[in-house]
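Given next are the chains, with one letter for each unit.
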Amino acid sequence: MAIVKVYKFGNTIVRVHDDAYKNKTQEEINEIIRRLEEIASKSYYRQLNEKILKGEADK
């Protein structure tokens, strides 16, 4: 199992391993990607909201 891609969204790091897509249909791969995007978006907006509440949004 090797890491083939690393994404960073704010403080969130997503590591994609080569077995993440092994024996998966394109439909399953698309769903995996959609879920990762959703997780990353929620994490980013949660961090942004925390900054806004602290008055640090422009920093």
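Structure first, text after, so check above.
Residues numbered from 1 in each chain as written. Predicted model: local features only at pLDDT ≥ 70, side-chain atom pairs only at ≥ 80, totals over all residues. Heavy atoms only, no water.

**So, the packing of aromatic side chains**
No. 1: If you walk through the whole model with that rule in mind, you get 1 aromatic pair.
No. 2: Between Tyr44 and Tyr45, the aromatic rings sit 5.4 Å apart at their centres with planes inclined by 70 degrees, giving edge-to-face as the arrangement.
No. 3: Residue classification places Tyr44 among the partly exposed residues on the basis of a relative accessible area of 41%. (Phe/Tyr/Trp six-rings, centres within 6.5 Å; stacked < 30°, edge-to-face > 60°. Buried < 20%, exposed > 50% of the residue type's maximum accessible area, 1.4 Å probe, protein only.)

**Comments concerning the environment of Val16**
No. 1: Here Val16 shows up in strand β2 (residues 12-17).
No. 2: A sequence separation of 29 residues divides Val16 from Tyr45, and the C-alpha atoms of the two residues are 22 Å apart.
No. 3: Residues in contact with Val16, not counting those within four places in the same chain, are Ala2, Ile3, Val4, Lys5, Tyr7 and Tyr21. (Helix = DSSP H or I, 4+ residues; strand = E, 2+ residues; numbered from the N terminus. Contact = heavy atoms within 4.5 Å.)

**Some points on the pairing of β2**
Consecutive side chains of a regular strand alternate in pointing toward one face of the sheet and then the other.
No. 1: On β2, burial follows the alternation: Thr12, Val14 and Val16 on one face are buried, whereas Ile13, Arg15 and His17 on the facing-out side are not.
No. 2: Pairing analysis gives 6 bridges linking strand β1 (residues 3-9) to β2, with the strands arranged antiparallel. Pairing of Lys8 across the sheet is with Ile13, part of β2.
No. 3: Between β1 and β2, which pair antiparallel and follow one another directly, the connecting turn spans 2 residues, one of which, Gly10, has a positive phi of 60 degrees. (Pairing = 2+ DSSP bridges.)

**Description of a nonpolar patch on the surface**
No. 1: Together, Ile3, Val6 and Ile13 make up an exposed nonpolar region whose accessible area comes to about 260 Å².
No. 2: Inspection of the secondary structure assignment puts Ile3 in strand β1.
No. 3: A residue is classified by how much of its surface remains accessible, and Ile3, at 45% relative accessible area, is partly exposed. (Patch = residues over 30% accessible without salt bridge, like charges linked within 9 Å, V, L, I, M, F, W, Y side chains within 5 Å. Areas by Shrake-Rupley, 256 points an atom, 1.4 Å probe, with all protein chains shown as cover. Salt bridge = Lys/Arg side-chain N within 4 Å of Asp/Glu carboxyl O.)

Note that every value here comes from positions in space, so none of it alone points to a role or purpose.
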